[in-house]
Amino acid sequence: MLCSDGSKKLSFGGSIKDGDLVIVYEKRDVMKAVKVSETSVLQNRFGVFKHSDWIGKPFGSKVLSNKGGFVYLLAPTPELWTLVLSHRTQILYIADISFLITYLEIVPGSLVLESGTGSGSLTTSLARAVAPTGHVYTFDFHQQRAASAREDFQSTGVDSLVTVGVRDIQGEGFPDEYSGLADSVFLDLPQPWLAIPSAGKMLKQDGTLCSFSPCIEQVQRTCEALKSNFRDIRTFEVLLRTFEVHEGKIDSCQGEEGLSVRSPPCKRRHRSGEGSTMQDSSSSPTIKVRPCADARGHTGYLTFSRLQCLS
């Protein structure tokens, strides 16, 4: 995941090598993370896939099994890693992650403090956002969870951009060594208002803070705590709604009460050299668009604020 010259720049392209982590795409929404080993095989309902056949192929390749089935070999980008990692805790997904990275104004070279680490979904995306010269310091009170996250960061190649610490931020606050150095602070805690005084000390002047909470009561207490030293306090809920598009013929439409309502025929006159004919346009292809039934609903509230500048 690093450049050939050893610089801290993430790279998810290139060819697959022995020991690389690969995301195997089997079918829609079915993916798994596999570490490539020349002597190993992957077996699923599509057949047997030898890892030795993968080595040297570029990421994104389609490989065949002994039965003629196939899978795609994808690079472990932060987006894909979020979908396949083991959920040791509830994670943030792409809609929330992209939104908060933008509103926290995280750019290459930023120093970001995060608590808690959890499954590391957000941390992986933060690492790419601050690369190549920035750094993410993430903390979790659970020692085993922090150790598992550290292993995941090594697997995805972002360990040089992330430092994992074991610390109860709610009770102890952030380490004093980062005082006044952080560009941004992110809190994913049951009681984030307890960590806000410490977060304020860590931030540079005009630095940004974001707190993620699933319940509005948590948001209310957090906002009250922010009023003392922060400004521009805003809370958002990000709801992602996708649509399905199909082409077909519609002879009738479904009413609001579930009744079938037939559309009136529409006649169009088409002229030709031999005379005039009448054609029913209801037989022409129709585009059907509808919201996806499995759209993700509420995940949590994102509360943003900015540290007040000293007058």
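Along each chain, numbering runs from 1 in the same order as the chain's sequence is written. Totals for whole chains, interfaces and linings use all residues, but because this is a predicted model, local features are given only for residues with pLDDT of at least 70 and pairs of side-chain atoms are given and counted only at 80 or more. For the side-chain quantities, the full set of heavy atoms in the structure was used; hydrogens and water were omitted.

The protein chain is annotated in an unreviewed UniProt entry as tRNA (adenine(58)-N(1))-methyltransferase from Salix brachista. In its Sequence similarities (unreviewed entry) section, the UniProt record describing the protein chain reads: "Belongs to the class I-like SAM-binding methyltransferase superfamily. TRM61 family." UniProt positions are given in the numbering used here, feature names are shortened, and annotations may be inferred rather than shown by experiment.

A. Structural context of the sheet that holds strand β2 (residues 30-35). In short, DSSP must find at least two bridges between two strands for them to pair. Strands here mean DSSP runs of E at least two residues long; helices mean DSSP runs of H or I at least four residues long; both are numbered from the N terminus. With antiparallel pairing, four strands are arranged side by side in an open sheet as β2-β1-β6-β5. On the outer flanks of this sheet lie β2 and β5 (61-64), each paired with one strand and no other. Strand after strand, the sheet turns through a mean of 35° between neighbouring axes, direction not considered. Of the strand pairs in this sheet, β5 and strand β6 (residues 70-74) are connected by four bridges, and their pairing is antiparallel. Angles here are taken between N-to-C directions and fall from 0 to 180 degrees, while the axes themselves are lines fitted to C-alpha atoms, restricted in helices to the stretch in contact.

B. Up close: the sheet that holds strand β8 (residues 135-140). With mixed pairing, seven strands are arranged side by side in an open sheet as β9-β8-β7-β10-β11-β19-β12. The two strands at the open ends of the sheet, each matched to only one other strand, are β9 (162-166) and β12 (230-236). Across this sheet, the average inter-strand angle for adjacent strands is 15°, counted without regard to direction. Both strand β7 (residues 111-115) and strand β10 (residues 182-187) contribute to a ladder of four bridges, which runs parallel. Considered in β10, the bridge of Glu114 is made with Phe186.

C. Structural context of the layout of surface pockets. One number sums up the size of the second largest pocket: a volume of about 510 Å³. Buriedness of a pocket was judged along seven lines, with at least five required to meet protein on both sides within 12 Å; pockets are open sets of points on a 1 Å grid over the protein atoms alone, cavities are sets where a 1.4 Å probe fits but cannot get out, and lining residues have an atom within 4 Å of a point. Considering the residues around the second largest pocket, the lining is formed by 30 residues, among which Thr89, Gly116, Asp188, Leu189 and Pro190 are closest to the centre. Taken together, the elements giving at least two residues each to the lining of the second largest pocket come down to β7, α3 (121-130), β8, α5 (169-172) and β11 (203-213). Throughout, the ten residues Ala, Val, Leu, Ile, Met, Phe, Trp, Tyr, Cys and Pro are labelled nonpolar, Asp, Glu, Lys and Arg are labelled charged, and all others, Gly among them, are labelled polar. Tallied by class, residues from the lining of the second largest pocket come to 11 nonpolar, 13 polar and six charged. Grid points are joined across faces, edges and corners, and a volume is the space filled by probe spheres set on the points.

D. Layout of helix α7 (residues 216-226). Accessibility here uses a 1.4 Å probe with only protein chains present; expressed as a share of the type maximum, an area under 20% marks a residue as buried, one over 50% as exposed, and anything in between as partly exposed. When we look at burial in α7, the residues that qualify are Gln218, Val219, Thr222, Cys223 and Leu226. Summarising the axial view, the buried residues of α7 lie within an arc of 130°, below the 170-degree limit, and thus occupy one face. Facing away from the buried side of α7 by more than 90 degrees, the exposed set consists of Glu217, Gln220, Arg221 and Glu224. Note on contacts: a residue pair qualifies if any of its non-hydrogen atoms lie within 4.5 Å across the two residues. Elements in contact with the buried residues of α7: α6 (196-202), β11, β12 and β19 (301-307). The arc in question is the one spanned by the directions pointing from the helix axis to the C-beta atoms.

E. Representation of a nonpolar patch on the surface in the model. Residues enter patches when their relative accessible area tops 30% and they take part in no salt bridge; the joining distance is 9 Å for like charges and 5 Å for the nonpolar side chains Val, Leu, Ile, Met, Phe, Trp and Tyr. Where accessible areas are quoted, they stem from the Shrake-Rupley method and a 1.4 Å probe; at the residue level, only the protein chains shown are allowed to cover. Take a side-chain nitrogen of Lys or Arg and a carboxyl oxygen of Asp or Glu: if they are within 4 Å of each other, that pair is a salt bridge. Taken together, the side chains of Phe243, Val245, Ile287 and Val289 make up a nonpolar region of the molecular surface, amounting to roughly 400 Å² of accessible area. Listed by contribution, the elements that provide at least two residues to the nonpolar patch are β13 (243-248) and β18 (286-291). Here Val245 shows up in strand β13.

F. Geometry of the pairing of β8. Of all six residues that make up β8, six are buried, and the element is covered over most of its length. Going residue by residue along β8, you find His135, Tyr137 and Phe139 tucked away on one face and Val136, Thr138 and Asp140 tucked away on the opposite face as well. One ladder, built from five bridges, connects β7 with β8; its direction is parallel. Bridge assignment links Leu113 to a residue of β8, and that residue is Tyr137. Call a crossover right-handed when, viewed with both strands pointing away from you, the route from the first strand across the helix to the second goes clockwise. Read from β7 through α3 to β8, the crossover connection turns out right-handed. As paired strands, β8 and β9 are joined by five bridges and run parallel to one another. When the sheet's bridge partners are listed, Thr138 is paired in β9 with Val164.

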